[in-house]
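Chain by chain, the residues:
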Amino acid sequence: MVRQYYDLPSLTALAGFEASARHLSFKLAASELNVTPGEISRQIKAIEDELGVPLFVRPGTDVMLTSAGKDLYSVLASSLSKASDVVRIIKRCRRSRNVTIASPDAFASMWLIPRMPRFWSQHGDIKVDHAISDSSHDYRRAEVELRIRYGFGSWPEETAELLFGDVIYPVCGHGFAQEHSDATAKCLPQLPLLNVEWIEPDWAGWDEVLRRAGIPHGPLRGHRFTKFFVALQAAQADQGVAVGWHRLVRTLVEEGKLIRLTDLELDAPGGYYLTWNDNRSLSPGAERLRDWLRKISAEERNAPS
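Residues numbered from 1 in each chain as written. Predicted model: local features only at pLDDT ≥ 70, side-chain atom pairs only at ≥ 80, totals over all residues. Heavy atoms only, no water.

1. What about the overall build of the chain?
- Regarding its fold elements, the chain presents ten helices and 13 strands.
- Over its C-alpha atoms, taken along the principal directions, the chain stretches across nearly 100 × 40 × 35 Å.
- Expressed as a percentage of its 305 residues, the buried residues of the chain come to 43%.
- The contacts of the chain with a sequence gap of at least 6 include a subset with a gap of at least 24, amounting to 75%.
- Only carbon and sulfur atoms are counted for the fraction: they give 53% of the accessible area of the chain, which is about 16,900 Å².
- The distance from the centre of the 37 positive side-chain charges to the centre of the 39 negative ones in the chain is 4 Å. (Helix = DSSP H or I, 4+ residues; strand = E, 2+ residues; numbered from the N terminus. Buried < 20%, exposed > 50% of the residue type's maximum accessible area, 1.4 Å probe, protein only. Contact = heavy atoms within 4.5 Å. Areas by Shrake-Rupley, 256 points an atom, 1.4 Å probe, with all protein chains shown as cover. Lys, Arg positive; Asp, Glu negative; His and termini not counted. Charge placed at Lys NZ, Arg CZ, Asp CG, Glu CD.)

2. Thoughts on the packing of aromatic side chains
- Inspection of every chain in the model, using the stated rule, returns 17 aromatic pairs.
- With a centroid separation of 5.3 Å and 85° between ring planes, the pair formed by F26 and F56 is classed as edge-to-face. You can see F26 sitting in helix α2 (residues 26-33) and its partner F56 sitting in strand β1 (residues 56-57), a full 30 residues away along the chain. With respect to burial, F26 and F56 carry one shared label: buried. (Phe/Tyr/Trp six-rings, centres within 6.5 Å; stacked < 30°, edge-to-face > 60°.)

3. As for the pattern of salt bridges
- Under the counting rule described, the total for this entry stands at 21 salt bridges.
- Note that E255 and K257 form a salt bridge whose closest N and O atoms lie 3.3 Å from each other.
- With a relative accessible area of 48%, E255 lands in the partly exposed category.
- Overlapping salt bridges, with partners in common, bring together E161, R290, D291 and R294 in one network. (Salt bridge = Lys/Arg side-chain N within 4 Å of Asp/Glu carboxyl O.)

4. Thoughts on the environment of I44
- Topologically, I44 is positioned in helix α3 (residues 37-51).
- I44 gets classed as buried once you look at its relative accessible area, which sits at 0%.
- Each C-alpha atom of the pair I44 and S136 lies 55 Å from the other, and the pair is 92 residues apart in sequence.
- With near-sequence residues (within four places) excluded, I44 lies in contact with G16, F17, S20, F26, F56 and R58.

5. Looking at a nonpolar patch on the surface
- Side chains of Y6, L8 and L11 sit close together on the surface and give an oily, nonpolar patch of about 360 Å² of accessible area.
- Tracing the sequence through the fold places L11 in helix α1 (residues 11-23).
- Under the relative-accessibility criterion, L11 is labelled exposed at 64%. (Patch = residues over 30% accessible without salt bridge, like charges linked within 9 Å, V, L, I, M, F, W, Y side chains within 5 Å.)

6. Some words on the sheet that holds strand β5 (residues 144-151)
- In space, the five strands of this open sheet follow the order β4-β3-β5-β13-β6, with mixed pairing throughout. Of all the strands in the sheet, the pair left with one neighbour each is β4 (127-132) and β6 (158-164). Averaged over neighbouring strand pairs, the angle between their axes works out to 25° when direction is ignored.
- One ladder, built from six bridges, connects β6 with strand β13 (residues 271-277); its direction is antiparallel. Looking at the pairing, E158 lines up with N277 of β13. (Pairing = 2+ DSSP bridges. Axes fitted to C-alpha atoms, helices over the stretch in contact; angles between N-to-C directions.)

7. Re the packing of helix α5 (residues 105-122) against helix α9 (residues 246-254)
- Between α5 and α9, the shortest axis-to-axis distance is 9 Å and the interhelical angle comes to 45°. Here α5 lies oblique to α9, going by the angle between them. Seen along the crossing, α5 lies across α9 with a hand that is left-handed. Mapping the contact onto sequence places A106, F107, M110 and W111 in α5 and R247, L248, V249 and L252 in α9.
- Its residues assigned to classes, the contact of α5 with α9 shows seven nonpolar, no polar and one charged. (Parallel < 35°, antiparallel > 145°, perpendicular 65-115°, else oblique. Left-handed = near helix turned anticlockwise from the far one by under 90°. Nonpolar A, V, L, I, M, F, W, Y, C, P; charged D, E, K, R; others polar.)

Shown next as structure tokens:
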């Protein structure tokens, strides 16, 4: 039989003793450790039998430490407190490598997710969770440290850094583009337009695009969608014309899956911002993801269109 390295009573019994000494109550110790008061009494007796001295005196219904009990409790409380501090540090270090970032569906699927392998190649120890939602109410979840928002850069109690702006233009599928090859921007209101009903009001729809372009129009033809990506799929299937956000559709245009229709191009009214809570320090993992997003957004701002 292997001899115990430390000449100590059972660690379970010592935990029972420490809780009893801290509360000066076997009943409260039992409740804390989820055992019966009788089990606590048996643990204390086992230690007392092994040491050969009493650890508690019980005048009436009270429980008090003897001199030996005070000595043992002092050492145990200090040691367990130090162990607890180390455990918290270890857990904090593990959690610091986890970060949750929130972003709209369109931005996540068409910009952020395709670039994440570049982050992992440099920061393989960071675990990134994605809270993908078109409603900013979901960005207030406690675990969310970083947020990518589209808008004008002002949100209550949040630091906001501009990643980049955008331009918008009409896009459609190959067949539709061939059928309407002579279309001009002024013709757009007469075409079937694929409109996205954004949850957040800062994203521009067809009505705003046409108004900003100075193109008169009445009620618009076409279909409505609640998801930008689905509207783009409909555009690729020649069902009409969608508003293309260059940062999001650039790859599809370069691959020839979407075609720019007419020469209409406008600066997007807002921009894409990286934000975080003013009243909360970022974890090391979140800081590394933030710095990486700063770097790649600067590279894309400075790259040729």
